[in-house]
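Close look at the chain arrangement
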Amino acid sequence: MINLNGVKVNNRILLAAGAGGYGEGWPHQRPFIKLGLIDLSAFGAVITRTLTPESRQGNYIDPFEFENATFVSHLCRILSEERKRVLRKVPGGWINNMGWWNVGINYWIEKIYPKLKDVAIIPNIGGFVVDDYVNLIQKLNPLKIIGIEINISCPNVEHSLANNFKELARLFSLCRESSAHPLIVKIGIDSDYLKIAEIAEGCGINAISAINSIPILGGGYSGQAIKPIALKVVADLRKITRLPIIGGGGIASLRDCQEFFEVGADAVTLGSGFLLKPWEPTRIAKKY
Ligand SMILES: Cc1cc2nc3c(=O)[nH]c(=O)nc-3n(C[C@H](O)[C@H](O)[C@H](O)COP(=O)(O)O)c2cc1C
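In this text the structure is predicted, and so the values were computed from the model without any measurement. (Residues numbered from 1 in each chain as written. Predicted model: local features only at pLDDT ≥ 70, side-chain atom pairs only at ≥ 80, totals over all residues.)

Moving on, we come to the sheet that holds strand S6 (residues 93–96). In spatial order, the strands read S5-S6-S12-S11; together these four strands make up an open sheet with antiparallel pairing. Either end of the sheet is taken by a strand with one partner, and the two such strands are strand S5 (87–90) and strand S11 (214–216). Neighbouring strand axes in the sheet, compared pairwise and without regard to direction, differ in orientation by 35° on average. Across three bridges, the pairing between S6 and strand S12 (residues 219–222) is antiparallel. (Pairing = 2+ DSSP bridges. Helix = DSSP H or I, 4+ residues; strand = E, 2+ residues; numbered from the N terminus. Axes fitted to C-alpha atoms, helices over the stretch in contact; angles between N-to-C directions.)

This brings us to the environment of Asn 11. In this structure, Asn 11 sits in the loop between strand S2 (7–9) and strand S3 (13–15). With 277 residues separating them along the chain, Asn 11 and Tyr 288 place their C-alpha atoms 7.8 Å apart.

This paragraph deals with the packing of helix H5 (residues 130–140) against helix H6 (residues 165–178). Axes are the key here: two packed helices are described by the angle between their axes and the distance separating the axes. Where H5 meets H6, the closest approach of the two axes is 9 Å, and the angle between their N-to-C directions is 15°. In terms of orientation, H5 lies roughly parallel with respect to H6. For the pair H5 and H6, the crossing hand works out as right-handed. Here Val 130, Tyr 133, Val 134, Ile 137 and Gln 138 of H5 come into contact with H6, specifically with Glu 167, Arg 170, Leu 171, Leu 174, Cys 175 and Ser 178. (Parallel < 35°, antiparallel > 145°, perpendicular 65-115°, else oblique. Left-handed = near helix turned anticlockwise from the far one by under 90°. Contact = placed C-beta atoms within 7 Å.)

Let's shift gears to the pairing of S6. With four bridges joining them, S5 and S6 adopt antiparallel strand pairing. Its bridge partner lying in S6, Lys 89 is registered against Trp 94. Joining the antiparallel neighbours S5 and S6 is a turn of two residues, in which Gly 92 adopts a positive phi near 85°.

This part is about the site of the ligand. Every one of the 25 residues lining the ligand counts as a neighbour, but Ala 17, Gly 18, Ser 222, Gly 271 and Ser 272 are closest to it. Of all the elements in the fold, those that place two or more residues in the shell around the ligand are strand S4 (45–51) and S6. Residues belonging to the shell around the ligand are distributed by class as follows: eight nonpolar, 15 polar and two charged. (Near = placed C-beta within 6 Å. Nonpolar A, V, L, I, M, F, W, Y, C, P; charged D, E, K, R; others polar.)

In this model, the protein chain carries an average pLDDT of 91, and 91% of its residues clear a pLDDT of 70 or more. Of the regions scoring below 50 in pLDDT, residues 63–67 engages in five contacts with residues more than four places distant in sequence or in other chains. (pLDDT = per-residue confidence, 0-100.)

Those residues of H5 lying buried are Tyr 133, Leu 136, Ile 137 and Leu 140. Axial view of H5: buried residues confined to an arc of 100°, hence all on one face. Looking at the buried positions of H5, the neighbouring elements they touch are S4, helix H4 (105–112), strand S7 (121–125), strand S8 (148–151) and H6. (Buried ≥ 20, exposed ≤ 12 C-beta atoms within 10 Å, placed from the backbone. Arc of directions from axis to C-beta.)

This part is about the sheet that holds S4. Reading around the barrel, the eight strands line up as S3-S4-S7-S8-S9-S10-S13-S14 and close back on themselves, with parallel pairing between neighbours. Recorded for the sheet is a direction-independent mean angle of 25° between the axes of neighbouring strands. Examined bridge by bridge, S3 and strand S14 (residues 267–270) share three bridges and lie parallel to one another. When the sheet's bridge partners are listed, Ile 13 is paired in S14 with Val 268.

We now examine the environment of Val 263. Locating Val 263 in the fold gives a position in the loop between helix H9 (254–262) and S14. For the pair Val 263 and Ala 225, spaced 38 residues apart in sequence, the C-alpha to C-alpha distance is 18 Å. Dropping the residues within four chain positions of it, Val 263 is found in contact with Leu 231, Val 234, Ala 235 and Arg 238.

This is the structure in structure tokens:
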């Protein structure tokens, strides 16, 4: 057991928010799970897609989200133009523009969480005002989870909390007071991340997660091209905070993980580097 200032994991390799859906894998990953090529229990934790107080359509209308999707419905989704608008391959990586399309916290707690018995789960939460986060945190209190990732850095939704330090301090303190779980703050590069880490540490946040996808025209950029940027952010953070750092951005191999550990990460997240090779994260987690 590795104890990252209260975030207790069996393995330093985690699945990044969004990479494993709501914690049970995306529909297209399920055949790999059935075949044993993806083993979600092999990760130190699986961080969920961002959950909000209410369900949101975001930038994607998914008719199958709440239904028992069939093979044909999955195929329709994979081939649809609509999907390409929210996730597309570009040189060096991917652009995603989901806009927090999700089922909402109540549905996740009632219908999805009970199915996740073998997986170490870190729900990722998002809101527009402080009360949204406190509300989400309180709902998660009774659950058996590894911690909660507070997302203040999504490039695809309008939210200004990350640039308002007074409000951020209020957010972190209220979340800390309201939560029974270790808290992780997920930061991006479009805000003063060093200042945010400092505020988070002062407010009793347990760990920092860096980095979120990078805002560009059309959405958030992720994948191999952002690795040098993510490494720099982790190295910068390491100089100013004693909090554990969960580093990620562009990791595609065990060697990449090692580079993050060398600049000061305590754990790493694997994300879009594996959209085309869904079995690779499991292989890496098992090797580590
Ligand atoms: C398809 C997709 C969905 C994502 N969904 C979320 C999300 O719901 N919440 C979040 O905080 N980050 C989300 N991310 C960002 C990743 O967790 C990660 O921070 C980012 O992609 C950088 O890492 P990578 O280059 O390894 O993918 C998503 C990324 C992708 C590609």
